[in-house]
Amino acid sequence: MKTKPLPNLLSLFHHHLFITSLLFIILPTLTSSQPINFKVGFIYHPDSPNGMIAKTTVPMALDDFYAKYPNSINRVSLVPRPSPGGDIITSASAALELIMDEKVHAILGPGTSPESAFVAELGTKAKVPIVSPSATSPSVSHSEAPYFIRAATNDTTQARAIAAVVKAFGWRRVVPIYQDDDYGSSLIPYLVDELDGVEAQIPYRQPIATSASDKDIEDFLAELMNGQTRVFIMHMRIPLATKVINVANNLKMMSDGYVWILTDALTSQLSCIHAITPPGSLEGVLGLTTYYNMTGTLLQNFRKRWTRQFLQDHPDADPVVARDINRYVIWAYDAAWAVAMAAENMKQIDHNQFVNARKGSTDLLSMGVSTTGEEFLNSILNTTFNDSLGGVFKLVNGELDLSQFRIVNVNGGNDRNIGYYTPELGLFKEWSAEISNASYSTSPSRSDLGSVIWPGDSTVQPKGWVEPTVSKKIRIAVPGPVQEGFKVFLNMETDNVTNQTTASGFVIDMFEEAVQKLPYALPFEYVQVLHKKYDDIMKMIGDGMYDAVVADMTITYNRSQYADFTLPYMASGLSMVVPVRNERSKNAWIFLKPLKVDLWLGSFAFFVFTGAVIWALEHRINDDFRGPPANQLGTVFYFSFSTLVFAHREKIISNLSRFVIIVWVFVVLILQASYTASLTSMLTVQRLTPTYSDINDLVNSKEKIGYLADSFTKDFLLRMRVDESRLLALKSPDSYEEAMSNHSIAAIVDETPYLQVFLNKYCDNYTMVNLPNKTSGFGFVFPKGSSLVTDLSRVILNLTEGDTSTRLNEKWFGEPLSCPNQDSLYSQSLDIVSFWGLFLITGVTSVLCCLIQLAMFVMQNSHHIRHITSINSFRSSLRTVARIYDEKDLSSHTFRKTQPSSPYNFNPGTPMSISNHGGPFSSERMSPDTYEVEMHGNAGNETPNNVNI
């Protein structure tokens, strides 16, 4: 048998082993998948600052991503499309080309909000995600265009931060200056709402067209200079903003007294603005921008690389701009990184992802629909990473979740931090790790921010307004002519020579004082409105004939339907003035007047109650409180009422009785003193009382009632069911007095301030009675929705709480008068309410002592009571116990007497067995008196048959 040589077998084995090893080395390389080319369009404006930033940043972000993840399968391949001029048509054309020809899976860009709005519609139709790192306007959003993703903040988030700054500095009016396009105007409604929330108003706004010339801008700003507001909020893009800034500097509007606040878009690119404006153009302005931690290691390392690359891509760029890593750099970088990460998470890529597309067609209806668009959209929306340049990248409702802002002040060409803002914490000075534990500032104040150097190198905070150089005066209606006697409230006089009208009176002074304290100037002129009722003037305000009404106008519901009132500057209310009559010594029963009926009855009840308590406490141990029932009843009444003059003769034995008497005598002493004082006052002091003290008594009478002509008081009396024939219209304090003195009327019903003027002149014979019907007082009137209502109301509160209102009252109405003849008016009788505490004390004391006495009695006779209740019914037992209580308590020291020795003598406490007594009980304690009666009842017998000793 032949065999092969062994070396050949070994050689063959080594050959196969070499081939296998080689396959293991080469096969993974041959069989591994090549990176898939994932097309993403890129639209940018090559000449704008944001476009230049995006052109450098987006490729750098993709290079950094794939350097970190070299084994990525779906590699983003940018398909750039510059959009010169940044107009909507060019961007839309570029987007259409990218979708239909290049079949891109997504588009980064475009640069502006108007462009993004149109491109977002195309992307939504083709189901191609549009990721914009610079479209901040709320005019385009993910909710309206589902395939639009804002990899930036929404401009609306800064509106509340701006309002907080305005509130902190106390400015009440601001004027927005904004670009007159979709980008600029879309922020204004949100800004108005937030400013309204901090009680700041926008009296007017200034839109400026993108194509406006320097002359146009100068005209706009000159019009603002003629106004009075000096706080301006600038919201526009850099090209227009630099033109406005230059013109404002030429008009000296960047000087002392002015305030300029830049929105996020401008503040984040201050370096670009400085590069194209004269030095010092922005000195003193405030700005706010999205807050990022610019000291982070990742951002610092990226800054050097980005600056170098930016200068390579844009050799003509200002080096200062190249060193500025602003929010657009961060947004563009993170947006590109998010797109790359989302592409890597895609499971399957269809290179022919568009269906229903017709090649070469420019018809939008033939654009087709991406089969991967929905998956890629969800992938982007769910992409989150913590190592972004901005910290954490997270999309909420299709846009970046960022609402933290940095407040800066421009000085020496640099932006200096003066504070920060977050929705949770409000304004605060310093950012620290512990800031998250701070409490929210519900009322921002100046102390929440650092020091500010204002335009003109001033450290004094501008008040935000000046007296206008040219302004339309508001027309203030003043009713006239005013009734004679009431001109202290309001008066208008016209000089016949100069034809100049002068207004005076308490109302005028109060209004002018309030206007002077407004945080802005309010030019106005008085216009006298003759022979018009107040309700008619209110309708004129509602119709826009006048801008305000300054008068002694009462705030009522009906009037408030036509216009708005300020808070009342003078309290009011309805009252009536009636004559007074002297009732001194004319009433034979005046001695009953000091106490009201309830107090008389209450006192009588407690007198009887206290006498009964003393009888109950003394009856068993005191002979003075024993005897026939009539005698005992007389003793109770006599004793109790004799305490009124402290003349009770009965001797008190029980300590409980003494305690009750001590408390009761104290109550009687106070009652007696109060009665004496009140009666003395009634008998010795002039007793003036109103003829009517209640409006219902006046209404129910047949007397006539006077009221001020043209006053709403007439409607009030008619609602009280007063017949109109009983009403008499009067026009002055003198006519009031004349009508009441000749008895034409029984009373005058009017508002309290007018009646007070009357009483200042005629106070001896009349008095005022306040009515329960209240009014809100006098207020100034403005058209509905006027911002002056809130501003003046706040000032009026300050005036009425201070001494200004008191000073003006004394000026026009004099010192408050005190009528000497009416000092004793309304000397009210005393009622039980004033003494209920005393009655409560004596009542509780008496009841407590009775309960103690009853407890002692039950304890002493517990054996007999138990025996009685065990053999008798409840009623019989109660009657028997009452009989026991009615007897003398022989154990008391008052009945302990020395008795002679006798075979019939017994210890008064010894139980006696009684039979055939005729009572309901079988045994009781028999007193010596009882025993004596029993003995006499059995005369002739040696020993009573019915007594067992």
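Structural notes, computed from the coordinates. For clarity, every value in this text was computed on a predicted model and none was experimentally measured. (Residues numbered from 1 in each chain as written. Predicted model: local features only at pLDDT ≥ 70, side-chain atom pairs only at ≥ 80, totals over all residues. Heavy atoms only, no water.)

1. Let's talk about the packing of aromatic side chains
Phase 1 of the analysis: For the structure on display, the rule yields 44 aromatic pairs.
Phase 2 of the analysis: Geometrically, the ring pair formed by Phe428 and Trp431 is tilted, given 5.6 Å between the ring centres and 45° between the ring planes.
Phase 3 of the analysis: Sitting over the ring of Trp465, Lys463 keeps its end group 4.2 Å from the ring centre. (Phe/Tyr/Trp six-rings, centres within 6.5 Å; stacked < 30°, edge-to-face > 60°. Lys NZ or Arg CZ within 6 Å of the ring centre and 35° of its normal.)

2. Focus on the pattern of salt bridges
Phase 1 of the analysis: Tallied over the entire structure, the rule returns 19 salt bridges.
Phase 2 of the analysis: The residue Glu102 makes a salt bridge to Lys39 at a minimum N-O spacing of 3.2 Å. With Glu102 in the loop between helix 3 (88–100) and strand 3 (106–108) and Lys39 in strand 1 (residues 36–44), this residue pair connects regions lying 63 residues apart in the sequence.
Phase 3 of the analysis: The closest approach of N and O atoms between Arg794 and Glu199, which form a salt bridge, is 2.2 Å. Of this pair, Arg794 sits in helix 26 (residues 787–801) while Glu199 sits in the loop between helix 7 (188–197) and strand 7 (206–208), and the two are 595 residues apart along the sequence.
Phase 4 of the analysis: A relative accessible area of 33% means that Arg794 is categorised as partly exposed.
Phase 5 of the analysis: Exposure remark for Glu199: the relative accessible area of 34% places this residue in the partly exposed category.
Phase 6 of the analysis: In the salt-bridge network here, residues are joined through shared partners; they are Lys39, Arg81, Glu97 and Glu102. (Salt bridge = Lys/Arg side-chain N within 4 Å of Asp/Glu carboxyl O. Helix = DSSP H or I, 4+ residues; strand = E, 2+ residues; numbered from the N terminus. Buried < 20%, exposed > 50% of the residue type's maximum accessible area, 1.4 Å probe, protein only.)

3. Details of helix 9 (residues 238–250)
Phase 1 of the analysis: With 13 residues, helix 9 ought to run about 18 Å at 1.5 Å a step, and its terminal C-alpha atoms sit 18 Å apart, in line with that.
Phase 2 of the analysis: Turning to helix 9, its buried residues are Ile238, Leu240, Ala241, Thr242, Val244, Ile245, Val247 and Ala248.
Phase 3 of the analysis: Positive backbone phi, approximately 60°, marks Lys252, located one or two places after helix 9. (Expected span 1.5 Å × (residues − 1).)

4. Side note on a nonpolar patch on the surface
Phase 1 of the analysis: Nonpolar side chains collect at one region of the surface, where Trp589, Phe591, Leu592 and Trp600 lie side by side and expose about 410 Å² of accessible area between them.
Phase 2 of the analysis: Secondary-structure assignment places Trp600 in helix 19 (residues 597–618). (Patch = residues over 30% accessible without salt bridge, like charges linked within 9 Å, V, L, I, M, F, W, Y side chains within 5 Å. Areas by Shrake-Rupley, 256 points an atom, 1.4 Å probe, with all protein chains shown as cover.)

5. Quick notes on helix 14 (residues 327–344)
Phase 1 of the analysis: Over its 18 residues, helix 14 extends 26 Å from the first C-alpha to the last, a length consistent with the 26 Å expected when each residue adds 1.5 Å.
Phase 2 of the analysis: Counting buried residues along helix 14, 17 of its 18 residues qualify, which places the element largely inside the surrounding structure.
Phase 3 of the analysis: N-capping of helix 14 is provided by Asn326, with a side-chain oxygen placed 2.9 Å from the backbone N of Tyr328. (Polar contact = N/O pair within 3.5 Å; in protein donor to acceptor, adjacent residues only side chain to side chain.)

6. Considerations on the sheet that holds strand 19 (residues 426–428)
Two modes of strand pairing occur in sheets, parallel and antiparallel, and in both the strands are linked by backbone hydrogen bonds.
Phase 1 of the analysis: If you walk across this open sheet you meet the eight strands as 7-6-8-9-10-17-18-19, and the pairing is mixed. The open sheet has two edge strands, strand 7 and strand 19, and neither has a second partner. The average angle at which neighbouring strand axes cross in this sheet is 25°, direction not considered.
Phase 2 of the analysis: Alignment of strand 10 (residues 286–290) against strand 17 (residues 405–411), held across five bridges, turns out to be antiparallel. Bridge pairing in strand 17 places Gly287 opposite Val408.
Phase 3 of the analysis: Packing against the sheet, helix 8 (residues 214–226) makes contact with strand 6 (175–179), strand 7 and strand 8 (231–235), and its axis sits at approximately 175° to strand 7. (Pairing = 2+ DSSP bridges. Axes fitted to C-alpha atoms, helices over the stretch in contact; angles between N-to-C directions. Contact = heavy atoms within 4.5 Å.)

7. Some thoughts on the pairing of strand 8
Phase 1 of the analysis: Counted residue by residue, strand 8 has five buried out of five residues, so it is predominantly covered.
Phase 2 of the analysis: Along strand 8, one buried face is formed by Val231, Ile233 and His235 and the opposite face, lined by Phe232 and Met234, is buried too.
Phase 3 of the analysis: In terms of strand pairing, strand 6 meets strand 8 through four bridges, oriented parallel. For Pro176, the partnering residue across the bridge sits in strand 8 and is Ile233.
Phase 4 of the analysis: Across four bridges, strand 8 lies against strand 9 (residues 259–262) in parallel orientation. Within the sheet, the bridge partner assigned to Val231 lies in strand 9 and is Val259.

8. Notes on the packing of helix 19 against helix 21 (residues 655–684)
A pair of packed helices is characterised by two quantities: the angle between their axes and the separation of those axes.
Phase 1 of the analysis: Relative to each other, helix 19 and helix 21 sit at 160°, their axes nearing to 10 Å. Overall, the two elements helix 19 and helix 21 adopt an arrangement that is roughly antiparallel. Remark: the crossing between helix 19 and helix 21 carries left-handed chirality. Here Leu599, Trp600, Ser603, Phe606, Phe607, Thr610, Val613, Ile614, Leu617 and Glu618 of helix 19 lie close against helix 21, whose contacting residues are Leu656, Ser657, Val660, Ile661, Trp664, Val668, Leu671 and Tyr675.
Phase 2 of the analysis: Taken together, the residues of the contact of helix 19 with helix 21 sort by class into 14 nonpolar, three polar and one charged. (Parallel < 35°, antiparallel > 145°, perpendicular 65-115°, else oblique. Left-handed = near helix turned anticlockwise from the far one by under 90°. Nonpolar A, V, L, I, M, F, W, Y, C, P; charged D, E, K, R; others polar.)

9. Regarding the packing of helix 3 against helix 4 (residues 113–126)
Phase 1 of the analysis: The contact between helix 3 and helix 4 brings their axes to 9 Å, and the two run at 25°. As summarised for this structure, helix 3 and helix 4 are arranged roughly parallel, according to the angle between their axes. Relative to helix 4, the crossing made by helix 3 is right-handed. Taken together, the residues of helix 4 that come into contact with helix 3 (itself represented by Ile88, Ser91, Ala92, Ala95 and Ile99) are Pro114, Glu115, Phe118, Val119, Leu122 and Ala126.
Phase 2 of the analysis: Residues that form the contact of helix 3 with helix 4 fall into these classes: nine nonpolar, one polar and one charged.

10. Some points on the side chain of Ser388
Phase 1 of the analysis: Structurally, Ser388 is set in strand 13 (residues 385–388).
Phase 2 of the analysis: Residue classification places Ser388 among the buried residues on the basis of a relative accessible area of 5%.
Phase 3 of the analysis: Engagement of the side chain of Ser388 in a polar contact is seen with the side chain of Asp334, the distance being 3.4 Å.
Phase 4 of the analysis: Not counting chain neighbours up to four residues away, the residues in contact with Ser388 comprise Leu298, Asp334 and Phe393.

Fair warning: the whole summary comes from geometry, so function is off the table for now.
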